[in-house]
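This is what each chain is made of:
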Amino acid sequence: MKTFGGILKELNSEQLINYIKSHTMYGVMGENIEYILEQMSSLESVAADGQLILKRNGLEEDTWDVVVERDGKVYAIDWTPWEEAKGFLIDVEEIKKEVSIEEFVSMILYDLTFDGEDYQVQKKKISELISRIDG
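Every chain is numbered independently, its residues counted from 1 as its sequence is written. In view of the model being predicted, local features appear only for residues whose pLDDT reaches at least 70, and side-chain atom pairs are presented and counted only at 80 or more, with totals across whole chains, interfaces and linings using the full set of residues. To get the side-chain values, take all heavy atoms of the structure and skip hydrogens and water.

Next up on the list: the overall build of the protein chain. Labels follow the DSSP assignment, with helices taken as runs of H or I lasting at least four residues and strands as runs of E lasting at least two, numbered in each case from the N terminus. Broken down by element type, the protein chain carries eight helices and five strands. Rg of the C-alpha trace for the protein chain: 14 Å, near the compact-globule value of 14 Å for 135 residues, within the 12% margin. Looking at the 135 residues of the protein chain, the share that counts as buried comes to 42%. The contact rule is simple, with two residues in contact once any of their heavy atoms fall within 4.5 Å. In the protein chain, the share of contacts with a sequence separation of at least 24, taken over all contacts with a separation of at least 6, comes to 68%. Based on C-alpha atoms, the radius of gyration is set beside the globule rule, defined as 2.2 Å times the residue count to the power 0.38. Categorising residues by exposure relies on relative accessible area from a 1.4 Å probe, with only protein chains included: less than 20% of the type maximum marks a residue as buried, more than 50% marks it as exposed, and the intermediate range marks it as partly exposed.

Structure (structure tokens):
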């Protein structure tokens, strides 16, 4: 088991950036990916209670979502603070049975960035959404 933050440190950032830029789905991050990775690396990881796993999304046979599994329950990662996301555990060997580590990290970054937004914009959007929900 490794943390998401640990995987980000170990991963070849140039290879990850090329992967993201070459896949249409992640294209919204393409222009900002270097900046997103800089922001992510500058944040201190905090202890997080949960594990990031792949879950079939039910739409197509080979499509996945990354979710947090915590106490037997599954949660989306979209609104997760980046510091906490960096602390989630990942069973790398299990993930590699289904997708490459670059694909898995790309999926996580895609969800965490609200389709390409940076850290400050993401925090602002979450705050706005919570304000609307609270009414």
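Okay, back to it.
The contact between helix H2 (residues 13–21) and helix H7 (residues 101–112) brings their axes to 10 Å, and the two run at 70 degrees. Between H2 and H7, the interaxial angle falls into the category roughly perpendicular. The interaxial crossing formed by H2 with H7 has right-handed handedness. From H2, Gln15, Leu16, Tyr19 and Ile20 reach across to H7, where they touch Glu102, Glu103, Val105, Ser106 and Leu109. Partitioned by chemical class, the residues of the contact of H2 with H7 number five nonpolar, two polar and two charged. The axes are straight lines fitted to the C-alpha atoms, using for helices just the contacting stretch, and the angles between their N-to-C directions are given from 0 to 180°. Reported orientations rely on four angle classes, namely roughly parallel under 35 degrees, roughly antiparallel over 145, roughly perpendicular from 65 to 115, and oblique for the rest. For any helix crossing, the convention is left-handed if the near helix is rotated counterclockwise from the far helix by under a right angle, and right-handed if that rotation is clockwise. Residue polarity is assigned by list, with Asp, Glu, Lys and Arg as charged and Ala, Val, Leu, Ile, Met, Phe, Trp, Tyr, Cys and Pro as nonpolar; anything else, Gly included, falls into the polar class.

A few words on the environment of Trp82. Relative to the helices and strands, Trp82 resides in helix H5 (residues 82–87). Given the relative accessible area of 0%, Trp82 is considered buried. With residues near it in sequence (within four places) discarded, Trp82 still touches Ile36, Gln39, Met40, Leu43, Leu112, Thr113, Glu117, Asp118, Tyr119 and Gln122.

Let's shift gears to the nonpolar core. Looking at soluble globular proteins, one finds that nonpolar side chains tend to be buried together. With 37 residues, the main nonpolar core has Phe4, Leu52, Ile90, Phe104, Val105, Ile108 and Leu109 as its most contacted residues. Elements with a minimum of two residues in this core: helix H1 (4–10), H2, helix H4 (33–42), strand E2 (51–56), strand E3 (64–70), H5, helix H6 (92–96) and H7. For this core, the element with the highest residue contribution is H7, accounting for eight residues. Discounting chain neighbours no more than four positions away, the residues touching Leu52 are Phe4, Val66, Val67, Val68, Ile77, Ala85, Phe88, Leu89, Ile90, Phe104 and Ile108. In plain words, nonpolar cores are sets of buried Ala, Val, Leu, Ile, Met, Phe, Trp, Tyr and Cys residues tied together by side-chain atoms within 4.5 Å.

On to H7, then. Here H7 contains twelve residues, and its C-alpha end-to-end distance of 16 Å stays within 8% of the 16 Å for a straight helix at 1.5 Å per residue. Extensive coverage of H7 is indicated by the burial of twelve of its twelve residues. Of the positions making up H7, those classed as buried are Ile101, Glu102, Glu103, Phe104, Val105, Ser106, Met107, Ile108, Leu109, Tyr110, Asp111 and Leu112. Two residues or fewer past H7, Phe114 is found with a positive phi of approximately 50 degrees. Here the expected length of a helix is defined as 1.5 Å per residue gap, with one fewer gap than residues.

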